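Chains, contacts and geometry: an overview
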Number of protein chains: 2
Amino acid sequence: MCGTDSPASINKSSLPSANGNGTRSPTCSSDHVLNLEQGDPAVFESYWRKMGDRCTMVISGSQLMSYISDFTNICWFMEPEFEEAVRRLHCVVGNAVVDDRYIVVGTGSTQLYQAALYALTSPGGPEPVSVVSAAPYYSSYPDETDYLCSRLYKWAGDAYEFDKNGTGPYIEVVNSPNNPDGTLREAVVKNRGDEGKLIHDLAYYWPQYTPIIRPADHDIMNFTFSKSTGHAGSRIGWAVVKDKEIARRMSKFIEMSTLGVSKDSQQRAAKIMGVLCDGYQNCKSANKSDDLFFEHTRQIMAERWERLRQMVERNQVFCLPKYPKQYCLFSGELIEPYPGFAWLEAKEGEEIDSQKVLRGSIKVQGRTGRRFGVAEKYVRISLLSNEEVFKEFLERLSTIKSMSSNGH
Amino acid sequence: MCGTDSPASINKSSLPSANGNGTRSPTCSSDHVLNLEQGDPAVFESYWRKMGDRCTMVISGSQLMSYISDFTNICWFMEPEFEEAVRRLHCVVGNAVVDDRYIVVGTGSTQLYQAALYALTSPGGPEPVSVVSAAPYYSSYPDETDYLCSRLYKWAGDAYEFDKNGTGPYIEVVNSPNNPDGTLREAVVKNRGDEGKLIHDLAYYWPQYTPIIRPADHDIMNFTFSKSTGHAGSRIGWAVVKDKEIARRMSKFIEMSTLGVSKDSQQRAAKIMGVLCDGYQNCKSANKSDDLFFEHTRQIMAERWERLRQMVERNQVFCLPKYPKQYCLFSGELIEPYPGFAWLEAKEGEEIDSQKVLRGSIKVQGRTGRRFGVAEKYVRISLLSNEEVFKEFLERLSTIKSMSSNGH
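Remember, predicted model here, so these are calculated numbers, not experimental data.

Listed by partner, the interface residues are 82 residues for chain A and 82 residues for chain B. Residue Asp264 of chain B pairs with Arg268 of chain A through a salt bridge whose shortest N-O separation is 2.8 Å. At the boundary of chain A and chain B, one finds 43 residue pairs in polar contact (both at pLDDT 80 or more). Counting only elements with at least two residues in the side of chain A that touches chain B, the list comes to helix H1 (45–50), strand E4 (57–59), helix H3 (108–119), helix H4 (141–146), helix H6 (225–228), helix H7 (244–258) and helix H8 (263–283) of chain A. Across the side of chain A that touches chain B, the residue classes tally to 31 nonpolar, 33 polar and 18 charged. Bridge count between E4 of chain A and strand E4 (residues 57–59) of chain B: 3 bridges; the pairing is antiparallel. The partner of Val58 of chain A across the bridge, within E4 of chain B, is Val58 of chain B.

Here we come to the relation of the copies chain A and chain B. Applying a rotation about an axis and a shift along it to one chain copy brings it onto the other copy. Note on the copies: chain A fits chain B at an RMSD of 0.0 Å, the axial shift is 0.0 Å, and the rotation between them is 180°. With respect to symmetry, the two chain copies, as superposed, fit the operation of a two-fold axis. A share of 100% of the interface residues of chain A reappears at the interface of chain B, consistent with the copies meeting face to face through the same patch.

Residue and element names in this part refer to chain B. In space, the 7 strands of this open sheet follow the order E5-E11-E10-E9-E8-E6-E7, with mixed pairing throughout. A strand with exactly one partner marks an edge of an open sheet, and here the two such strands are strand E5 (102–106) and strand E7 (153–158). Averaged over all pairs of adjacent strands, the angle between strand axes in this sheet comes to 25°, irrespective of strand direction. Where helix H3 (residues 108–119) meets the sheet, it contacts E5, strand E6 (129–133), E7, strand E8 (170–175), strand E9 (196–201), strand E10 (220–224) and strand E11 (237–241), and its direction lies at approximately 165° from that of E10. Each of E5, E10 and E11 touches helix H7 (residues 244–258); the most contacted strand, E5, lies at about 15° to it.

Turning our attention to a nonpolar patch on the surface. Residues and elements named next belong to chain A. On the surface, Tyr327, Leu329 and Leu334 cluster together to form a nonpolar patch covering roughly 320 Å² of accessible area. For Leu334, the location among the structural elements is in strand E14 (residues 333–335). For Leu334, a relative accessible area of 54% puts it in the exposed group.

Rules and cut-offs
- Residues numbered from 1 in each chain as written.
- Chains lettered and ligands numbered in written order.
- Predicted model: local features only at pLDDT ≥ 70, side-chain atom pairs only at ≥ 80, totals over all residues.
- Heavy atoms only, no water.
- Contact = heavy atoms within 4.5 Å.
- Salt bridge = Lys/Arg side-chain N within 4 Å of Asp/Glu carboxyl O.
- Polar contact = N/O pair within 3.5 Å; in protein donor to acceptor, adjacent residues only side chain to side chain.
- Helix = DSSP H or I, 4+ residues; strand = E, 2+ residues; numbered from the N terminus.
- Nonpolar A, V, L, I, M, F, W, Y, C, P; charged D, E, K, R; others polar.
- Pairing = 2+ DSSP bridges.
- Least-squares fit on C-alpha atoms with pLDDT ≥ 70 in both.
- Axes fitted to C-alpha atoms, helices over the stretch in contact; angles between N-to-C directions.
- Patch = residues over 30% accessible without salt bridge, like charges linked within 9 Å, V, L, I, M, F, W, Y side chains within 5 Å.
- Areas by Shrake-Rupley, 256 points an atom, 1.4 Å probe, with all protein chains shown as cover.
- Buried < 20%, exposed > 50% of the residue type's maximum accessible area, 1.4 Å probe, protein only.

Take a look at the structure:
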């Protein structure tokens, strides 16, 4: 999932503006609020700019006009080129088993999450199925589960809590690496026989963020173009699904929700993924790893984490999670995770409202831990901004000396 | 709305196939079922092919990457170029009032219909709000209303029936011109004070289908790229909304449903609408009306209706609706409607299953009247196929001599 939601609470005049070409003009003067609440993946734009025309998509006025892509596919609105590119990408990266699996395209993984809830439930049950995820959980799960007040399912909060006290049928969402805290996760609710079903949200299970410890092989695995290559504006996601009937029901959901998924964006995603994969097949032997997407972007994330950890260490106001090094099958090295978000915990006292302090003292907008089901001493900060904004964030962070003396 | 839904019931081997370029290879041999159940707008493809490179969209790999288009807009994921093109198109056509109205972009009008239901209801009511539409109503309304078993709203069927016997708060969907029967419509449920709210589905309120009798001016008016220009594969629709809070809630729905709408498709729609409008502003004086989209496509629809009416007249098996000529503000002429669907009614007997007979006797797949809330002597047939398929349909229709002796 995306790590992005409503900008409604943000001071509008202070946000980075996006123009129609997708280039962004950050406003970094110290008067302005620095918006690091959403996970807008601007960090990857410079890589694609370097690629020049290689990823340019050209669509004539008479192309891609039909609703239908392939009536012989369960997911009849999926472009065959998109499916092929997704399978190829997973084979190049080795992060998910795709052989003998169904692919379902969605309008971002937001839609696929809801498609999975629909596919895993059925009308007529005595009460809605409980949907849980281990806290801190992705802040949009509660709203995306409950906004239509469905009788099929309802948000039931923290999976650890449900494991202790919950009863009845449930769906556990396993977000790995987890948004907000970057940890690699497994299911939490245990020993329930047939009552439990799983959705794996693997939006960040890509080599720029985390070691690829094994090819993931779960019943429903959701991925998104937004976080894999950084193309959030295209609203493209996909699910890798074991069971044919579940794939059929997820496709049916998308049919009823939006009658398919933009073909323009599917074709563009196929092209961009294809160029990314070509890089690995043509260039790896030549050892020009800076031209390769995951090596290049992992390097950027590693540098950001190093600078961030130095700053956090120096001013002693926050802690950051520590991640174990693990062997990455993709790179063949023992490496650290470099998550897309910093999950900051205030060192002083349990009652500090870290979001409020950051906003009040250094005009940095993060997202409070409360939204993720935990204490407000936690705050999530996006590390996916462009370099100028990230640098400005570090500069502002360096001016905080103590939480309790700031912004209270 | 689109007039399209699940292909699941269709004989797969017999369908027109769509390749990745959007060109379609119809299979018209008499052994094959002719699929005229969906309203796939293939009829418009030849026009856009004639336009050559003028509508070609070019997107580089680094463009349109952000989730955000304009944080200062209530609909923050809407590309400014798209909004501008929509306003310009309505000004050129004169089919809707857009001044001082909000525009909300959606993933097709399917999503905007659901966004409107969400915007017009609120949690905590004693029971779900009734959603009604006058029969024959668009066949996808019931499923799109009920698939998530919402406590906010529920499908309650025919608006005429509700007007007589229904009680409590309701939403009436006014589809004009109506899919399936092509009639221009107004709200049916009367005299309910504040209990009733309206959604106007104006997917077919464009000059190729109907006289533009006035600039429509309703609270919520939904339109779609699929039926206006024929670009169904892009999944783009828009709502014209009077009330700011309703526009905000519709945008919130789309945020929670799909976290925005494909920017690639929004930009492509803006480009295509722009070329269409340029045609009117540059060429109308030169009287090259065959180059103009609505004149060109209206001419095709008029010819199809003439050929269809001749055939139906000749074999005396079905009736077609008769439409009054009305003054069209767009063309400045008194003209007939030429709907995108033929709404065929069997002449013989009330119990004829017209869909079954067409399928059994001439291998034509339409959609039964039952799906639209009326008798099965009615069947809806798409007139939006390409020319080859339409011609084959007429040839097959000419071989039917009597309903009761065919396919029973």
